[in-house]
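Chain residues, written in single-letter form:
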Amino acid sequence: MTQHLDINPLTKAAFEPFGDVIEADPATMRYINGGTTERFHALSNAEALGDGARVILNLFRGQPRAFPFSIDMMERHPFGSQCFVPLNGRPFLVVVAEDEGGKPGRPQVFLARGDQGVNYRINVWHYPLMALDEQSDFLIVDRDGSENNLEEYFFDTPFIIGAPTL
């Protein structure tokens, strides 16, 4: 039987088991460049495991998803974190799940504002990029290396996400 998933606001506390929310945090702010720039410092850490592994920056251009949307799979990266930061100021969906014996549990869905990004920790189950309404660009901080850094799991019964309220 298909199960429906609720969409919740993305908050640091709710997302903490999966990684970090990337957003301007006044507690980390300091002025630099003669007081002309606010720096929000050390909001997350990129992770890269393995011989010769390196952290790389990418640009992803996501096409908008149509709703209702079926979540039939999840992926995770065993050797590196993966960070998504929107560049167009548009909201997007973040779908994550806790690990339950080597496979994802029930997915959780978060609505990220256009001024929030996420950094998935190593081995966190998540759904691929989910742009909303319009084509959207994202800065991706990712791991590059010789090991296969992708594991996928396909659900027997998909989960359904209704249209988000923006």
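All residue numbers refer to position in the chain's written sequence, counted from 1. Totals for whole chains, interfaces and linings use every residue, but because this is a predicted model, local features are given only for residues with pLDDT of at least 70 and side-chain atom pairs only at 80 or more, for both listing and counting. Side-chain calculation: all heavy atoms of the structure are included, whereas hydrogens and water are not.

Caption draft 1: Quick peek at a nonpolar patch on the surface. Nonpolar side chains (Val, Leu, Ile, Met, Phe, Trp, Tyr) within 5 Å and like charges within 9 Å form the patches, drawn only from residues with over 30% relative accessible area and no salt bridge. Surface accessibility in these figures is a Shrake-Rupley result with a 1.4 Å probe; residues are shielded only by whichever protein chains are displayed. When a carboxyl oxygen of Asp or Glu lies within 4 Å of a side-chain nitrogen of Lys or Arg, that pair is called a salt bridge. On the surface, a nonpolar cluster with roughly 390 Å² of combined accessible area is contributed by L57, L59, L87 and L139. Within the fold, L59 resides in strand β6 (residues 54–62). Burial classes: relative accessible area under 20% of the type maximum marks a residue as buried, over 50% as exposed, and values in between as partly exposed (1.4 Å probe, protein chains only). The exposure class assigned to L59 is exposed, which follows from its relative accessible area of 53%. Helix and strand labels come from DSSP, where a helix needs a run of H or I of at least four residues and a strand needs a run of E of at least two; each type is numbered from the N terminus.

Caption draft 2: Main features of the sheet that holds β6. When DSSP finds two or more bridges between a pair of strands, those strands are recorded as paired. Read across the sheet, five strands follow the order β3-β11-β8-β14-β6 without closing on themselves; strand pairing throughout is antiparallel. Among the strands making up the open sheet, the edge pair consists of β3 (19–22) and β6. The sheet shows a mean angle of 15 degrees between the axes of neighbouring strands, taken without regard to direction. In the sheet, β3 pairs with strand β11 (residues 117–120) via four bridges, with the strands oriented antiparallel. Within the sheet, the bridge partner assigned to V21 lies in β11 and is V118. Comment: axis = line fitted to C-alpha atoms, over the contacting stretch for helices; angle = value between 0 and 180 degrees taken between N-to-C directions.

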